Amino acid sequence: MNLKEFGNLAFDKKTMKENVPFPVYLKWKEAARNNDILDRETADSIAHAMKSWALSKGATSYTHWFQPLNGKTANKKTAFLNRDDKHNPINRFSGKELIKGEPDASSFPSGGMRSTFEARGYTYWDLTANSFIEDKVLYIPSVFVSFYGEKLDKKLPLIESMNRVSKYASPICNLFLKDEKTYRVKSKVGLEQEFYLIDKEFFDKRIDLEYCGMSLVGRDPMVEKEIISHYLGAIPQRVNDFFEDVNEQLYDLGIYMEAEHNEVGPNQFEIAIMFENANISVDNNQLLMHILEKTAIKHNLYCLLKEKPFKNMAGSGKHNNYSLATNYGKNCFSPGKDPKNNHLFLLFLSAMIKVCNKYQNLIRLSSSSVSNDYRLGGNEAPPSIISVFIGKDLENILKSIANDEEIKDINNKVKIPHLGEIVTDSSDRNRTSPIAFTGNKFEFRMLGSSKSAADLNTVINLSMARVLKEFYQRLEGKDDRDLKDEVYKIVKETYKENSRILFQGDGYSKEWIKEAEKRGLDNHKTFLDALVFAKKNSSYDLYKDEKIFSQKEIDSIINVEFEEITKFCQQELEVLSNMIYQEILPSAMKEIKEIKSYLSFLDNEKLKEKAERINKNVEILLAYGDKIKEILKDLDKIKSQEEKAVFIQEKTRKITDQIREIADKLENEISRENYSMPRYVDMLKSL
């Protein structure tokens, strides 16, 4: 690929510099760096340059691209083409149109902050993010607020949280990094996206995959034998062609793809994008998910982003790698060659440990969703109990400081042929840990594959800001010697008060559940459990205290989450009902009809028994179909969003497992010719 063409469809910093007068570029740069207001003249100049550049790339319209409270993306396209005062055609795009847009807001979830008849909601340009072109449209990354200024999106809270952590992290850095003035600390995020691919022909025949993103019936143990050979094997040629297409699009948009490979499940893959500022990384991931889905269809495939599309197969996550870096590129989580004397590192490490212990509930909530519940706690995914793995070396350092013991160097070495002895990393990667320190960053592994990463990073930023503020108040004004002494006091206290969150063992084991309970760690088995707990125990007060959300906005967010749980469960039941009557019942009747035809010529007791088993299971399924109708009827009578969510999830979890058990028995009884839906072995061997 020609490196000069990298990012040719992105209006990034380089493109901005090339297309606007240098004083305008400097004003934009200062506004982006210092969160200042951009004046109208500067905005008009940038808008003119952006329009000219977009037209030269074939764009015909523009849109403000935003991320509403449902975690998806949305936009409304507007043509550049307009009329001048003499009714002649003209391409028009002003600074006012660049900065502000007005989509029809009534269609997006607001949690009661806006009446349904009020369409007012406004988008405002996020000038720190790159605009880009896709399908002849200029996309302008934006935030979304109500007429009265309430936040209606995921992005604005994230940006404000980034400013908050920078505000408290910067002065701490200046206490230790005296050779360089830190004026900004940026939260950096690298996201690894997992997903499944199946042949689109099979997807089109599975209504559960189409409407729920996951299979509600079906399980084929034959597929399980293929797991290891897939994980260690080469990428199938058909998927390789798909990846090449995806990579070309990422390249044009200036998004750095870092790695792509097979994952554990058959037909499961992963693509990782390089670290960026948190808001840009979230933008890039949202764009990546869109590109994966769009490109898959071009290749007659379908990309499944939901966390658990196939029962007993590996679930999909979105590993969130988090670090903090100064404006000079100093990583605050880098232990260096001598971590026990790296005071800045020890402070930030201690801060993250305290964050993960104190804000367990919010981390659990912001990482998950009702669909991620099917993945968490499985033996290929992190448990739903929050714990942190930092490695034996680092824990030994913290323990020694806490116990006033001499810190011993532990240099684990491994012999490699022709290379000699090599010192191993200070921490290994514990695959069973929800949160792991991995050399110079923390990997948050609970995040669901279909979920926006904005919520989790907002929580991490805000809670880090809160803890770092406490640390700075203790360190401010001390001379060098007292400063170092105070660091060790902070590390000692933090370890003693929060060490319960540190766990080096097997997070999948039953023993860990008992041990976590002894330690007093939260164990919210479902997203709903965590949400109800948060509401009752004022977990969301962190947002209020840091002035990110008002109580009204918090209530709105909670209501939206309850509504999402209700919608997901309701849809699950409706789809299952459809499958019982439209797919499974006709398939069973065909099978029985064939058996009856056979028995009209020959007597066969085993075939009679088979027909009776099918008939009995069909009868049970039809009874469940009636139960689904009753549940949905009862749901309509409930007014409270919370009560609806609690009611429907409890009923759904019980009945769906029972239906699946019967449906899977029938699938095993019915011949391939008569069974109308593609089976697991068809879908997961299709590549």
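Residues numbered from 1 in each chain as written. Predicted model: local features only at pLDDT ≥ 70, side-chain atom pairs only at ≥ 80, totals over all residues. Heavy atoms only, no water.

(A) Representation of the overall build of the protein chain. Check the secondary structure of the protein chain and you find 23 helices and 20 strands. Relative to the compact-globule value of 26 Å for 687 residues, the protein chain shows a C-alpha radius of gyration of 28 Å, a close match. Along the three orthogonal principal directions, the C-alpha set of the protein chain runs to about 95 × 85 × 60 Å. Per-residue burial for the protein chain yields a buried fraction of 55% across its 687 residues. (Helix = DSSP H or I, 4+ residues; strand = E, 2+ residues; numbered from the N terminus. Rg over C-alpha atoms; globule rule 2.2 N^0.38 Å. Buried < 20%, exposed > 50% of the residue type's maximum accessible area, 1.4 Å probe, protein only.)

(B) Looking closely at a nonpolar patch on the surface. A cluster of nonpolar residues, Tyr598, Phe601 and Leu602, forms a patch on the protein surface that exposes about 370 Å² of accessible area. Along the polypeptide, Phe601 turns up in the loop between helix H20 (551-599) and helix H21 (605-636). (Patch = residues over 30% accessible without salt bridge, like charges linked within 9 Å, V, L, I, M, F, W, Y side chains within 5 Å. Areas by Shrake-Rupley, 256 points an atom, 1.4 Å probe, with all protein chains shown as cover. Salt bridge = Lys/Arg side-chain N within 4 Å of Asp/Glu carboxyl O.)

(C) Molecular detail of helix H10 (residues 237-252). Taking 1.5 Å per residue, 16 residues should reach 22 Å; H10 reaches 23 Å between its end C-alpha atoms and fits that length. Of the positions making up H10, those classed as buried are Val239, Phe242, Phe243, Asp245, Val246, Asn247, Gln249, Leu250 and Tyr251. Next to the buried residues of H10 lie strand S10 (185-199), strand S11 (257-262), strand S12 (268-273), helix H11 (278-298) and strand S14 (301-304). One or two positions beyond H10, positive phi appears at Gly254, with a value near 75°. (Expected span 1.5 Å × (residues − 1). Contact = heavy atoms within 4.5 Å.)

(D) Representation of the packing of helix H5 (residues 155-176) against helix H12 (residues 343-358). Contact pair H5 / H12: the axes reach a minimum separation of 9 Å and the direction vectors enclose 155°. For the element pair H5 / H12, the angle class is roughly antiparallel. From H5, Ala169, Ile172, Cys173 and Phe176 reach across to H12, where they touch His343, Leu344, Leu347 and Phe348. Considering only residue class, the contact of H5 with H12 consists of seven nonpolar, one polar and no charged. (Axes fitted to C-alpha atoms, helices over the stretch in contact; angles between N-to-C directions. Parallel < 35°, antiparallel > 145°, perpendicular 65-115°, else oblique. Nonpolar A, V, L, I, M, F, W, Y, C, P; charged D, E, K, R; others polar.)

(E) Geometry of the nonpolar core. Counting residues in hydrophobic clusters, the biggest one holds 126 residues, and the most contacted among them are Phe348 and Met464. With 15 residues, H20 is the largest single contributor of residues to this core. When residues of this core are sorted by domain, at least three fall in each of domain 2 (160-549) and domain 3 (565-684). Leaving out residues up to four positions away in the same chain, Phe348 has contacts with Ala169, Ile172, Cys173, Leu324, Cys332, Phe333, Met464 and Leu468. (Core = buried A, V, L, I, M, F, W, Y, C linked by side-chain atoms within 4.5 Å. Domains from an automatic or database assignment.)

(F) Geometry of the domain arrangement of the protein chain. According to the domain assignment, the protein chain consists of domain 1 (10-152), domain 2 (160-549) and domain 3 (565-684). One C-alpha centre belongs to domain 2, the other to domain 3, and the line joining them spans 38 Å. Residue-level contacts link 36 residues of domain 2 with 27 residues of domain 3. Looking at the side of domain 2 facing domain 3, the largest losses of area belong to Leu216, Val217 and Leu528, adding up to 20% of the total buried there. Summed over the shared surface of domain 2 and domain 3, the number is two salt bridges. One salt bridge connects Arg653 with Asp373, and the closest N-O pair in it is separated by 3.5 Å. Run the count over domain 2 and domain 3 and you get 11 residue pairs in polar contact (both at pLDDT 80 or more). (Buried area = accessible area lost by both parts, 1.4 Å probe. Polar contact = N/O pair within 3.5 Å; in protein donor to acceptor, adjacent residues only side chain to side chain.)

(G) Structural detail: the pattern of salt bridges. Applying the stated rule across the entire model yields 40 salt bridges. Between Arg364 and Asp373 there is a salt bridge, with the nearest N and O atoms lying 3.7 Å from each other. Asp545 is the partner of Arg466 in a salt bridge, and the nearest nitrogen-oxygen pair spans 3.3 Å. Within this pair, whereas Arg466 is found in helix H15 (residues 454-475), its partner Asp545 is found in helix H19 (residues 541-545), the two being separated by 79 residues in sequence. Members of the salt-bridge network, linked through shared partners, are Arg164, Arg466, Asp545 and Glu546.

(H) Seen up close, the environment of Met50. Its place among the elements puts Met50 in helix H3 (residues 40-56). Distance from Met50 to Phe11, taken between C-alpha atoms, is 7.3 Å for residues 39 residues apart in sequence. In contact with Met50, other than residues within four places in its own chain, are Phe11, Phe93, Leu98, Trp125, Ser131 and Leu138.

(I) Quick look at the packing of H12 against H15. At their nearest, the axes of H12 and H15 sit 9 Å apart, and the two run at 125° to each other. When the axis of H12 is compared with that of H15, the two are oblique. Note that H12 runs across H15; the crossing there is right-handed. Between H12 and H15, the residues in contact are Leu347, Phe348, Ser350, Ala351, Met352, Lys354, Val355 and Lys358 and Ile460, Ser463, Met464, Val467, Leu468, Glu470, Phe471 and Leu475, respectively. Residues that form the contact of H12 with H15 fall into these classes: 11 nonpolar, two polar and three charged. (Left-handed = near helix turned anticlockwise from the far one by under 90°.)

(J) Structural context of the layout of surface pockets. The calculated volume of the second largest pocket comes to roughly 1100 Å³. As for the second largest pocket, its lining consists of 42 residues, and the residues nearest its centre are Asn70, Gly71, Lys72, Lys306 and Ser450. Among the secondary structure elements, those contributing two or more residues to the lining of the second largest pocket are strand S8 (131-134), helix H7 (207-212), H11, S14 and H20. When residues of the lining of the second largest pocket are assigned to their parent elements, the largest contribution, six residues, is made by H20. When its residues are assigned to classes, the lining of the second largest pocket shows 18 nonpolar, 13 polar and 11 charged. (1 Å grid on protein atoms, 1.4 Å probe; cavity = no way out; pocket = protein on both sides within 12 Å on 5 of 7 lines; lining within 4 Å. Points joined across faces, edges and corners; volume = space filled by probe spheres on them.)

(K) The environment of Glu18, seen in detail. Within the secondary structure layout, Glu18 lies in helix H1 (residues 13-19). According to the relative accessible area criterion, Glu18 is exposed, its value standing at 54%. Separated by 146 residues in sequence, Glu18 and Arg164 place their C-alpha atoms 32 Å apart.

(L) Focus on the pairing of S11. Sheet analysis places S11 next to S12, joined by five bridges and oriented antiparallel. In the strand pairing of S12, Ala259 is matched with Ala272. Linking two consecutive strands that pair antiparallel, namely S11 and S12, is a turn of five residues; a positive phi of about 75° is found at Asn267 within it. (Pairing = 2+ DSSP bridges.)

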